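Now for the letters of each chain:
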Amino acid sequence: MNAILDPHRVQALVIGGSAGGIEALLQLLPALPADCPIPVVVLVHLPDGHYSLLPDVFAPHVALPVKEADEKEALRPGTLYFAPPGYHLLIERNRTFSLSTEPPVHYSRPAIDVLFETAADAYGPTLAALLLTGANEDGAAGLAQVARHGGIVLVQDPAEARIPTMPLAGLRATGGQAIVLPLASLALALRALRPEER
């Protein structure tokens, strides 16, 4: 498992999900070690105009500092960021966050595609991207962009996803390049992100 998210290579991890995503993340994110050497950015589809409680929900379960991403904030290693509702979350080439009110993508704002595509441009082959359960195809094009930049692309095993539409779309978009793993194996890969392996 250690080779999947090799900390010698991976400088950032982006995760996207929709229907069933919060339950999946509650199985995954507690595996992140307290000394995780990279930033982790999570985007879950939320209704527009609603206040997000995700940082409050996850903080008691995760060893990392947890916060909502802010405009112009630099990504810091060892921090778990959540996309705020109502805005697209972009990662600029200087590795700061940017928020946008551009139209929804796949009926979603924030959209996983926007996060993944901009993160791929910023981090290139040092990015890892994970697409979880969900009911539409948001994230598939972004995952393909990560693959084109030489990054690591992962999808939750569609057989265990609450709604397999999203991981199946990711597999199709990457031409089968994506690594398919169940949540238990993905959690082991996250647990291996430790600085002593750098």
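All values reported here derive from a predicted model rather than from experimental measurement.

Asker: Is there a simple way to explain the pattern of salt bridges in this structure?
Answerer: Opposite charge on two side chains lets them pair, provided their charged atoms get close. Within the structure shown, the criterion is met by seven salt bridges. A salt bridge links Glu-73 to Arg-76; its shortest N-O distance comes to 3.4 Å. With relative accessibility at 10%, the residue Glu-73 sits in the buried group. The shortest N-O distance in the salt bridge between Glu-137 and Arg-172 comes to 3.1 Å. Placement of Glu-137 in the loop between β7 (127-131) and α4 (140-148) and of Arg-172 in helix α5 (residues 165-173) is noted, with a sequence separation of 35 residues between them. With relative accessibility at 39%, the residue Glu-137 sits in the partly exposed group. One connected set of salt bridges, linked through shared partners, spans Lys-67, Asp-70, Glu-73 and Arg-76.

Asker: Whenever I open this one, helix α1 (residues 21-28) confuses me. Can you help?
Answerer: Side chains of residues three or four places apart in an α-helix project in the same direction, reflecting 3.6 residues per turn. Of all the positions in α1, only Gly-21, Ala-24, Leu-25 and Leu-28 are classed as buried. Viewed along the axis of α1, the buried residues span an arc of 100 degrees, placing them on a single side of the element. Tucked into the core, α1 has its buried residues touching β1 (12-17), β2 (40-44), α2 (54-58), β7, β8 (152-156) and α6 (183-191).

Reading the values: rules and limits
Residues numbered from 1 in each chain as written. Predicted model: local features only at pLDDT ≥ 70, side-chain atom pairs only at ≥ 80, totals over all residues. Heavy atoms only, no water. Salt bridge = Lys/Arg side-chain N within 4 Å of Asp/Glu carboxyl O. Buried < 20%, exposed > 50% of the residue type's maximum accessible area, 1.4 Å probe, protein only. Helix = DSSP H or I, 4+ residues; strand = E, 2+ residues; numbered from the N terminus. Arc of directions from axis to C-beta. Contact = heavy atoms within 4.5 Å.

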